[in-house]
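Structural description and commentary
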Amino acid sequence: MLDRQTLTDAWTSHFKGYDHGYFITLNSKMRVDGTDDRRAHTKHIKLDTMVQDFVNCLNKKCFGRRYDRKEINAKLKCLVGYEVGSVDGLIHCHLIAAHDGSVLRTSDEILKITRATWKGICRTGKSESFVHVADLDKISDRIWYLTKQSTTYQRRFGELNILPL
């Protein structure tokens, strides 16, 4: 089993040179009875499919045709951590979308893109409470935050809740 510090150190090293970007929270409409609920793993798999669609759309918005042509460095380096809300059992994720400084979009622009995209993928209606976007800031702190349920998840399901996209 990998502890938080080991995971944080490994992923921080993976993001070397990618010091810019966004820290995005995506909430779903799915709920479970807590981190011990067996359904959490299945719901995270379902959310993962939606998050992959979201990341694809975000890459297109950030890089345009360069992303479609699969040009070198025309893709955000992403890491996602799937979680269960401790108070409400809400299935959600936190996403690091990092780049090397080549993306010129602000966090406010990414928030608008995220709201519109996630609304279409998750069918959230008019609510704006399903997404949150912040600057990446210190990546090791963001990764540490992503790992807060990693030990519990590994014990419960035998795998990591943190995945690169």
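Counting of residues starts from 1 at the beginning of each chain's written sequence and follows it residue by residue. Reporting in this predicted model follows two pLDDT cut-offs: at least 70 for local features of residues, and 80 or more for side-chain atom pairs to be given and counted; totals over whole chains, interfaces and linings ignore these cut-offs and use all residues. The side-chain quantities take in all heavy atoms of the structure and omit both hydrogens and water.

Digging into the overall build of the chain
How we decide: Only DSSP runs of H or I reaching four residues or more are called helices, and only runs of E reaching two or more are called strands; each is numbered from the N terminus. What the globule rule says is 2.2 Å times the number of residues to the power 0.38, and the radius of gyration is computed from C-alpha atoms. Accessibility here uses a 1.4 Å probe with only protein chains present; expressed as a share of the type maximum, an area under 20% marks a residue as buried, one over 50% as exposed, and anything in between as partly exposed. Surface exposure here means Shrake-Rupley accessible area, sampled with a 1.4 Å probe, where a residue is shielded only by the protein chains that are shown. In this tally, Asp and Glu contribute negative charge and Lys and Arg positive charge; neither His nor the terminal groups of the chain are included. By convention, charge coordinates are those of NZ in Lys, CZ in Arg, CG in Asp, or CD in Glu.
Along the backbone of the chain there are 6 helices and 5 strands. Against the compact-globule benchmark of 15 Å for 165 residues, the chain has a radius of gyration of 15 Å, which places it among compact chains. Residues counted as buried form 48% of the 165 residues belonging to the chain. For the chain, the accessible surface area stands at approximately 8900 Å², while carbon and sulfur atoms represent 49% of it. Charge-centre separation for the chain: the mean point of 27 positive side chains lies 6 Å from the mean point of 20 negative side chains.

Section: the packing of aromatic side chains
Keep this limit in mind: Pairing of aromatic rings covers Phe, Tyr and Trp, the last through its six-membered ring, and needs centres within 6.5 Å; plane angles under 30 degrees mean stacked, over 60 mean edge-to-face, and all others mean tilted. Both a distance and an angle decide whether a charge sits over a ring: NZ of Lys or CZ of Arg must be within 6 Å of the ring centre and within 35 degrees of the ring normal.
Inspection of every chain in the model, using the stated rule, returns 3 aromatic pairs. With a centroid separation of 4.8 Å and 55° between ring planes, the pair formed by tyrosine 153 and phenylalanine 157 is classed as tilted. Remark: phenylalanine 157 and tyrosine 153 occur in helix 6 (residues 150–157); sequence separation between them is 4 residues, near one turn of the helix. We note lysine 148 situated over the ring of tyrosine 145; from NZ or CZ to the ring centre the distance is 3.4 Å.

Overview of the pairing of strand 1 (residues 20–31)
Looking down a regular strand, the side chains alternate between one sheet face and the other. Formally: Here a strand pair is declared whenever DSSP counts at least two bridges between the two strands.
With respect to burial, strand 1 is a largely interior element, 9 of its 12 residues being buried. Here 9 bridges tie strand 1 to strand 3 (residues 90–99), and the two strands are oriented antiparallel to one another. Following the sheet pairing, asparagine 27 is matched in strand 3 by histidine 92. Bridging between strand 1 and strand 4 (residues 131–135) involves 5 bridges; their strand directions are antiparallel.

So, helix 2 (residues 39–63)
The following threshold applies: For a helix, the expected span equals 1.5 Å multiplied by the residue count minus one.
The end-to-end C-alpha distance of helix 2 is 36 Å, a good match for the 36 Å that 25 residues give at a rise of 1.5 Å each. Glycine 64, located one to two residues past helix 2, shows a positive phi value of around 60°.

Observations regarding unusual backbone geometry
The backbone of lysine 70 sits at a positive phi, close to 60°, despite the residue not being glycine. Within the secondary structure layout, lysine 70 lies in the loop between helix 3 (65–68) and strand 2 (77–84). Since its relative accessible area comes to 74%, lysine 70 is described here as exposed. In this structure, asparagine 73 takes a positive phi of about 65° despite not being glycine.

Structural measurements only, silent on function.
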